[in-house]
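Examination of the molecular architecture
Spelled out, the chains give:
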Amino acid sequence: METTMASGPGGYVHGYSGREARRLGDQADVLAALLHDGTAYPAGSRVLEAGCGVGAQTVHLVSRSPGVRLTAVDLSRASLDQARARVEASFPAARVRWRCADLRDLPFPDAAFDHVFVCFVLEHLPDPCAALAGLRRVLRPGGTLTVIEGDHGSAFFHPDSAHARAAIAHQVALQAAAGGDALLGRRLGPLLEEAGYARVGVVPRTVYADGACPDLGRAFTRDTFAAMIESVRDEAVAAGLATPADFDRGVADLHRAAGPEGTFHYAFFKATAVNPR
C-alpha cells in the first residue's frame, strides 16, 4: 500500500526504506492478476496514475495498456526516480511522463486526461474526498476513474491469535494518527459518490491463502501483509501501544497463518466510476 504524500499528517506510515520499496514491488507482482484484471486502456489515451510511488503498479499499467500516454505523479522525487528506473528496466519504450506534484494541487488543466488510476493512495490522505474531487477536475467528461484500496478489517486467519489481531489494530491506529484510514475500502463507494462521480461500481477482490497454495501464503500473507504490519513495530512500541515481545509475537503468529496449517483472508475493493461533467 503506497502513497503520494510526504511524512507527517497524511504521511506514509510504513516509511520509504529500500525494504519497503521491495515489499511494494513484491505486493504488486503477486496481486497483479487479481487487482488489474479488467483494467486496460486504448492506445493513445491519456492516462494519469495518481500517486505512483516507486512504480510498483506503473509497470503493470504499462504492461496491460501498451501505447497509452501515461503520466505518473508522486510527491516524492526519490520515489519517482525509483519508479522511472523500474519502468525503464522492463519497458524501455513506454511513453511515461513523470511529474512531482501533490494530488491536492495538480499542475494540469481541466479535462487533461481520459482515464485516472489510483491504487493504495486514498488510505493515506487526510481528506480522500477532496482528493477525488480534485481528480475529477483533470478528468474529461465521460472519462473513467479506477480506484483500488484495502481494508484491514477484512483480515482474518487461522490459527487465530489475539497478539496478531492486536498488531494489526496498532497499524490501523498509527495510520489514523498520521491522518489516514487503513479501513477505507469499506467506504470507497460512498466516497466516490460524495465526490460527484457517476456510475460508481465497487467489487471486492479477495485473497485467500492456505496450505493448498503455499506460494501465495509466502508471497502475500508473510512477505506482503505481515511485512507491512512489522514495518510499524518501532512506532507501535514507541507510542506505548505494545511491548516489543507482544508485537513480535503478533508478527510470528501471522507467519504461522502463512504456514502449511494456516489460512489467511484479505479483501481489496476495486471501484470504477465516470466523471459526469
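Residues numbered from 1 in each chain as written. Predicted model: local features only at pLDDT ≥ 70, side-chain atom pairs only at ≥ 80, totals over all residues. Heavy atoms only, no water.

**Here's the deal with the side chain of threonine 224**
Note the following rule: Put simply, DSSP marks the helices as runs of H or I at least four residues long and the strands as runs of E at least two long, and each gets a number from the N terminus on. Burial classes follow relative accessibility: with a 1.4 Å probe on protein chains only, a residue under 20% of its type's maximum area counts as buried, one over 50% as exposed, and anything between as partly exposed. Nitrogen and oxygen atoms within 3.5 Å of one another constitute a polar contact, given that in protein one can donate a hydrogen and the other can accept it, and given that sequence-neighbouring residues count only through two side-chain atoms.
Tracing the chain through its elements places threonine 224 in helix H7 (residues 214-230). Threonine 224 gets classed as buried once you look at its relative accessible area, which sits at 1%. Of the polar contacts made by the side chain of threonine 224, one reaches the backbone oxygen of alanine 219; its length is 2.8 Å.

**Quick look at helix H5 (residues 162-177)**
Here is the rule: Take the residue count of a helix, subtract one, and multiply by 1.5 Å to get its expected span. We call two residues in contact when some of their heavy atoms are within 4.5 Å.
Taking 1.5 Å per residue as the helical rise, H5 with its 16 residues ought to reach 22 Å, and the 22 Å between its terminal C-alpha atoms agrees with that figure. Taken residue by residue, H5 has Ala164, Ala167, Ile168, His170, Gln171, Val172, Leu174 and Gln175 as its buried positions. Where the residues of H5 are buried, they touch strand E6 (156-158), H7, helix H8 (233-238) and helix H9 (244-257). If you check the start of H5, you find a side-chain oxygen 3.3 Å away from the backbone N of histidine 163, and it comes from serine 161.

**Points about the confidence of the model for the protein**
Caution applies to low-pLDDT regions: their predicted coordinates should not be interpreted in detail. We apply this condition: For every residue, the predictor states its confidence as a pLDDT score lying anywhere from 0 to 100.
In the predicted model, the protein carries a mean pLDDT of 91, and 90% of its residues have values of at least 70. Under a pLDDT of 50 for its full length, residues 1-10 has, in the predicted model, 58 contacts with residues more than four places off or in other chains.

**Digging into the pattern of salt bridges**
Which entries qualify depends on this criterion: Definition used for salt bridges: Asp or Glu carboxyl oxygen within 4 Å of a side-chain nitrogen of Lys or Arg.
If you walk through the whole model with that rule in mind, you get 14 salt bridges. One salt bridge in this structure joins aspartate 160 and arginine 165, with 3.0 Å as the shortest N-O distance. Judged by its relative accessible area of 51%, aspartate 160 is exposed. Three or more residues are tied together by salt bridges with common partners; here these are Arg46, Asp114 and Arg140.

**Some words on the pairing of strand E4 (residues 113-119)**
What counts, and what does not: Pairing between strands is defined by DSSP: at least two bridges between the two strands are required. If the strands point away from the viewer and the path from the first strand over the helix to the second runs clockwise, then the crossover is right-handed.
Within E4, 7 of the 7 residues are buried, leaving the element largely enclosed by the surrounding structure. Examined bridge by bridge, strand E1 (residues 46-50) and E4 share 3 bridges and lie parallel to one another. Note on E4: the bridge partner recorded for glutamate 49 is phenylalanine 117. The pairing of E4 with strand E5 (residues 139-150) spans 6 bridges and is classified as parallel. By the bridge assignment, valine 118 is partnered in E5 with valine 147. Handedness of the crossover joining E4 and E5 through helix H4 (residues 128-138) is recorded here as right-handed.

**Digging into H7**
End to end, H7 covers just 21 Å across 17 residues, shorter than the expected 24 Å (1.5 Å per residue, more than 12% under). Among all positions in H7, only Gly217, Phe220, Thr221, Thr224, Phe225, Ala226, Ala227, Met228 and Ile229 are buried.

**What to know about the packing of aromatic side chains**
Put simply, the rule reads: Aromatic rings from Phe, Tyr and Trp, taking only the six-membered ring of Trp, are treated as a pair when their centres fall within 6.5 Å; an angle between ring planes under 30 degrees marks them as stacked, one over 60 as edge-to-face, and anything in between as tilted. Cation placement over rings: the criterion is NZ of Lys or CZ of Arg within 6 Å of the ring centroid and within 35° of the ring normal.
A complete count under the given rule lists 9 aromatic pairs for this structure. An angle of 55° between the planes, with centres 6.1 Å apart, marks the rings of phenylalanine 220 and phenylalanine 264 as tilted. You can see phenylalanine 220 sitting in helix H7 and its partner phenylalanine 264 sitting in strand E8 (residues 263-274), a full 44 residues away along the chain. Take phenylalanine 220: its relative accessible area is 0%, and that puts it in the buried class. Here phenylalanine 264 falls in the buried class, since its relative accessible area comes to 1%. Ring geometry for phenylalanine 225 against tyrosine 266: centres 5.5 Å apart, planes inclined by 50°, an arrangement best described as tilted. Of this pair, phenylalanine 225 sits in helix H7 while tyrosine 266 sits in strand E8, and the two are 41 residues apart along the sequence. Look at tyrosine 266 and you get buried, because its relative accessible area is 0%. The lysine or arginine in question, arginine 136, covers the ring of tyrosine 197, its NZ or CZ lying 6.0 Å from the ring centre.

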